[in-house]
Amino acid sequence: MENMINIYLYGKKYEVPSSLTIMGAMEYAGYQLVRGVGCRCGFCGACATIYRIKGETELKTCLACQTQVQDNMYIATLPFFPLVKQPYEIEKVAPTEQIMMQLYPEIYACVGCNACTKACTQGLNVMQYIAYAQRGEYEKCAEESFDCVMCGVCSSRCPAGITHPQVGLLARRLTGKYLAPKTKHVLDRVDEILRGDCEAALKDIMSKTVDELKDMYNNRDFEK
């Protein structure tokens, strides 16, 4: 028999295998996860979860898909947190400090409490990348926020109302569009697509059966 442990989902006790993730344990307990779960129906980062272990005082945050259950874990999932995204056209903005002041002025109200960093499900230094954004250092902000999955837990803990994931996303877009060096092989491939050089290959792929596609994938040549 697999080692079984007790967990509490929304206050109700369940006995589940200790090897499961929180998401797997919820499904094992009979919950059908079709909302707010990226790998089931939605986008990555949506399964934000809070939990506390019996006998401990700390309230912890995580993603249900990547966190293993523990004995006497009290669990509640968070609904999608509303992240305010300001409208902009990437072709019409520039990587200046003013654009961040214009779109996300609340970042300058940061009180330095570091609650965002402590809550981050990916272990990112969220307060640091907000500081980079404040100074217009978008390449550093993009690097520091690169692994963000947009779960919004950081924003749910912020007393200044900062929309951290959207700030990081804007920094990454500005970096990719204006600051990062151009990648020649990508530009060459885009030109090939625009010229129609790939049409024949695409039609050939579309004509394959599922088994033929699997065989092509498993026996493909790997680029060095």
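Refer to the structure presented above.
Because the structure is predicted, anything quoted here is derived from the model rather than measured.

## Quick word on the overall build of the protein
- The helix and strand tally for the protein stands at 11 helices and five strands.
- Burial status across the protein gives 35% buried among its 224 residues.
- Counting only contacts in the protein whose residues sit at least 6 apart along the sequence, the fraction spanning at least 24 positions is 56%.
- Per element, the accessible surface of the protein, about 14,000 Å² overall, is 53% carbon and sulfur.
- Averaged over its 25 positive side-chain charges, the protein has a centre that lies 5 Å from the centre of its 26 negative ones.

## Notes on the packing of helix H5 (residues 126–134) against helix H8 (residues 164–179)
- For the pair H5 and H8, interaxial distance at closest approach is 10 Å and the crossing angle is 50 degrees. Judged on the interaxial angle alone, H8 and H5 are oblique. Relative to H8, the crossing made by H5 is left-handed. Contact residues: H5 offers Val126, Tyr129, Ile130 and Ala133, while H8 offers His164, Pro165, Val167 and Gly168.
- Per-class residue counts for the contact of H5 with H8 are six nonpolar, two polar and no charged.

## Topic: H8
- In this model, H8 (16 residues) spans 21 Å end to end at C-alpha, consistent with the 22 Å of a helix rising 1.5 Å per residue.
- Against the buried residues of H8 lie helix H3 (97–103), helix H4 (115–119), H5, helix H6 (138–144) and helix H7 (153–156).

## Thoughts on the packing of aromatic side chains
- Using the criterion set out here, one finds three aromatic pairs in the structure.
- Between Tyr8 and Tyr74 the ring centres are 4.1 Å apart and the planes differ by 5 degrees, which places this aromatic pair in the stacked class. Placement of the pair is Tyr8 in strand S1 (residues 4–9) and Tyr74 in strand S5 (residues 73–77), with a sequence separation of 66 residues.
- Among the residues examined, Tyr8 registers a relative accessible area of 13% and is labelled buried.
- Exposure remark for Tyr74: the relative accessible area of 34% places this residue in the partly exposed category.
- An aromatic cluster is present here, built from Tyr10, Tyr14 and Tyr31 joined pairwise through their rings.
- Against the face of Tyr217 rests Arg220, its NZ or CZ located 3.9 Å from the ring centre.

## Examining the pattern of salt bridges
- Taken as a whole and assessed by the stated rule, the structure comprises eight salt bridges.
- Its salt-bridge partner being Arg135, residue Glu137 comes within 2.5 Å of it at the nearest N-O pair.
- Judged by its relative accessible area of 23%, Glu137 falls in the partly exposed class.
- One salt bridge in this structure joins Glu192 and Arg189, with 3.0 Å as the shortest N-O distance. On the criterion of helical spacing, the pair formed by Glu192 and Arg189 is a turn pair, its members being three residues apart in helix H9 (residues 184–195).
- Taken together, the shared-partner salt bridges in this structure form one network comprising Arg135, Glu137 and Lys140.

## What to know about the pairing of S1
- The pairing of S1 with strand S2 (residues 12–17) spans six bridges and is antiparallel. Opposite Asn6, over in S2, you have Glu15 as the bridge partner.
- Linking S1 to S2, which pair antiparallel, is a turn of two residues; within it Tyr10 sits at a positive phi near 55 degrees.
- Strand direction decides the pairing type here: S1 and S5, joined by three bridges, are parallel. By the bridge assignment for S5, Tyr8 is matched with Tyr74.

Scoring rules and cut-offs
- Residues numbered from 1 in each chain as written.
- Predicted model: local features only at pLDDT ≥ 70, side-chain atom pairs only at ≥ 80, totals over all residues.
- Heavy atoms only, no water.
- Helix = DSSP H or I, 4+ residues; strand = E, 2+ residues; numbered from the N terminus.
- Buried < 20%, exposed > 50% of the residue type's maximum accessible area, 1.4 Å probe, protein only.
- Contact = heavy atoms within 4.5 Å.
- Areas by Shrake-Rupley, 256 points an atom, 1.4 Å probe, with all protein chains shown as cover.
- Lys, Arg positive; Asp, Glu negative; His and termini not counted.
- Charge placed at Lys NZ, Arg CZ, Asp CG, Glu CD.
- Axes fitted to C-alpha atoms, helices over the stretch in contact; angles between N-to-C directions.
- Parallel < 35°, antiparallel > 145°, perpendicular 65-115°, else oblique.
- Left-handed = near helix turned anticlockwise from the far one by under 90°.
- Nonpolar A, V, L, I, M, F, W, Y, C, P; charged D, E, K, R; others polar.
- Expected span 1.5 Å × (residues − 1).
- Phe/Tyr/Trp six-rings, centres within 6.5 Å; stacked < 30°, edge-to-face > 60°.
- Lys NZ or Arg CZ within 6 Å of the ring centre and 35° of its normal.
- Salt bridge = Lys/Arg side-chain N within 4 Å of Asp/Glu carboxyl O.
- Pairing = 2+ DSSP bridges.

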